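One letter stands for each residue in the lines below.
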Amino acid sequence: MNITVRTQLIAGFGLLGLLVLAIGAAGVLGVGAMNASKIALTETGAQSRLVSATKLDLADARLAGFNWRSRGEEVFVERFDTAVGKLTGEVGEAGLADILPLADNYSAAFAQARQAAAIRTANLETVHDEGRATRQNLTEISETAYADGDAEAAYYAGRAQERLLLGRLYVDRYAVSGLAENAERAATEFASALDALNTLLPFLQNPQRRALTTEARDRLERAASAFETVLEQTRARDAALAQMDSLGPEMTVLAEAACWARPTKSPRRPAARF
């Protein structure tokens with residue numbers, strides 16, 4: 001069958017039009033795929049930045065907590081609160097909801113440690129204040145007893161003063177070292193000093209020395225009681241710090257896992273097929 005030139009031209013232009021349409025459709029699909037890839041990359045980048053910011057805030061909070069523990073300065077409390085505040089605000093956006101309750105517990109443990117440390121410090125001051133006042137009483141008892149020839153009062157007052165000084169020494173050692181053996185020695189020396197004063201009281205005839213001895217005994221009892229509170233609050237502080245030491249690495253592991261779970265490869269543009 002003979003095909004005219006006109007028919008051939010019409011068919012050629014038709015095929016050319018179909019080819020153009022095909023190329024256009026492929027281009028549209030390719031542009032759509034590129035836009036999808038761009039959106040995915042943008043979202044992945046934003047997510048990675050949030051996870052990185054969360055990790056940095058967590059590191060800042062832990063560092064501030066460690067610095068407060070070793071130096072006790074309020075500036076580190078402010079840094080801790082700032083870092084934890086930023087951390088709790090970012091974990092939700094970063095998709096790290098599992099960290100939020102841990103961060104709350106971490107902050108609560110820090111508050112407990114600070115409260116226990118404050119009570120501990122106040123009671124250490126009480127031990128020192130009452131200890132100094134007791135020593136002054138005992139010194140006056142000893143001086144007046146020697147002057148009056150009261151051998152029993154001089155002996156027991158001197159013995160109580162010796163035990164008191166040893167007790168105060170081991171309180172200071174415990175405050176620095178935290179060793180249980182120093183705490184036990186301090187408590188033992190305070191008890192020995194109290195025994196000496198209680199032994200002395202029935203023998204005292206001098207009203208002034210009896211009043212001084214009674215006052216010294218009462219002050220020493222307050223010092224010993226305050227030291228017991230120091231021991232209790234030290235244990236409470238250490239327990240809270242131990243909880244922080246457990247929660248900190250746990251939060252870090254979760255943040256690291258979230259970071260590594262993010263896509264590391266850029267989405268590829270699908271090849272257009274004709």
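Residues numbered from 1 in each chain as written. Predicted model: local features only at pLDDT ≥ 70, side-chain atom pairs only at ≥ 80, totals over all residues. Heavy atoms only, no water.

(A) Quick peek at the packing of aromatic side chains. Within this structure, the stated rule accounts for 6 aromatic pairs. The interplanar angle of 35 degrees and the centroid separation of 4.0 Å between the aromatic rings of F80 and F110 together place this pair among those described as tilted. Of this pair, F80 sits in helix α2 (residues 74–91) while F110 sits in helix α3 (residues 99–148), placing them 30 residues apart in sequence. With respect to burial, F80 and F110 carry one shared label: buried. Both rings, one in Y174 and one in F227, keep their centres 5.9 Å apart while their planes meet at 85 degrees; by these two values the pair is edge-to-face. In this pair, Y174 is assigned in helix α4 (residues 151–177) and F227 in helix α6 (residues 207–261), connecting sequence segments 53 residues apart. Of the two residues, Y174 and F227, neither departs from the other in class, the shared state being buried. Site record: aromatic cluster; members linked through ring pairs are W68, F80, Y106 and F110. Its guanidinium or amino end placed over the ring of Y170, R173 lies 4.9 Å from that ring's centre, counting from NZ or CZ. (Phe/Tyr/Trp six-rings, centres within 6.5 Å; stacked < 30°, edge-to-face > 60°. Helix = DSSP H or I, 4+ residues; strand = E, 2+ residues; numbered from the N terminus. Buried < 20%, exposed > 50% of the residue type's maximum accessible area, 1.4 Å probe, protein only. Lys NZ or Arg CZ within 6 Å of the ring centre and 35° of its normal.)

(B) Main features of the side chain of N182. Along the chain, N182 falls in helix α5 (residues 180–200). With sequence-adjacent residues up to four places away left out, N182 is seen in contact with Y170, R173, Y174 and S177. (Contact = heavy atoms within 4.5 Å.)

(C) Structural context of empty space enclosed by the protein. Taken as a whole and assessed by the stated rule, the structure comprises 1 cavity of 30 Å³ or more. Approximately 40 Å³ is the volume found for the largest cavity. Lining the largest cavity are R62, G65, F66, R69, Y106, M244 and D245. Sorting the residues of the lining of the largest cavity by element identifies α1 (5–71) and α6 as the ones contributing at least two each. Each residue belonging to the lining of the largest cavity can be placed in one class, and the counts come to 3 nonpolar, 1 polar and 3 charged. (1 Å grid on protein atoms, 1.4 Å probe; cavity = no way out; pocket = protein on both sides within 12 Å on 5 of 7 lines; lining within 4 Å. Points joined across faces, edges and corners; volume = space filled by probe spheres on them. Nonpolar A, V, L, I, M, F, W, Y, C, P; charged D, E, K, R; others polar.)

(D) How the structure looks around the layout of surface pockets. In this structure, the largest pocket spans a volume of roughly 190 Å³. Taken together, W68, R69, S70, G72, E74, R114, A117, R237 and L241 form the lining of the largest pocket. Those elements that place two or more of their residues in the lining of the largest pocket are α1, α3 and α6. Counting residues per element, the lining of the largest pocket draws most heavily on α1, which supplies 3 residues. Taken together, the residues of the lining of the largest pocket sort by class into 3 nonpolar, 2 polar and 4 charged.

(E) Quick look at the nonpolar core. Residues L138, V171, F190, L220 and F227 are the most contacted members of the largest nonpolar core, which totals 31 residues. Counting residues per element, the ones that place at least two in this core are α3, α4, α5 and α6. No other element matches α4, which puts 9 residues into this core. Once residues lying within four places of it in the same chain are set aside, the contact partners of L138 are A157, A160, Q161, L164, L197 and A216. Core analysis: the next-biggest nonpolar cluster, separate from the first, contains 26 residues, W68, L102, A109 and L241 among them. (Core = buried A, V, L, I, M, F, W, Y, C linked by side-chain atoms within 4.5 Å.)

(F) Highlighting α5. The terminal C-alpha atoms of α5 lie 31 Å apart, and with 21 residues this matches the ideal 30 Å at 1.5 Å per residue to within 8%. By the burial criterion, the buried members of α5 are N182, A183, A186, E189, F190, A193, L194, A196, L197 and L200. In an axial view of α5, the angular spread of the buried residues amounts to 155 degrees, which keeps them on one side of the axis. Projecting away from the buried face of α5 at angles above 90 degrees are the exposed residues E181 and E184. (Expected span 1.5 Å × (residues − 1). Arc of directions from axis to C-beta.)

(G) Quick peek at the confidence of the model for the protein. For the protein, the average pLDDT comes to 81, and 74% of its residues sit at 70 or higher. Highest mean pLDDT in the protein belongs to α5 (96); lowest belongs to α1 (63). Contacts from residues 35–46, a stretch scored under 50 in pLDDT, to residues over four places away or in other chains number 6 contacts. Predicted confidence is poor over residues 262–274, with pLDDT under 50, and the contacts of this stretch with residues over four places away or in other chains come to 17 contacts. (pLDDT = per-residue confidence, 0-100.)

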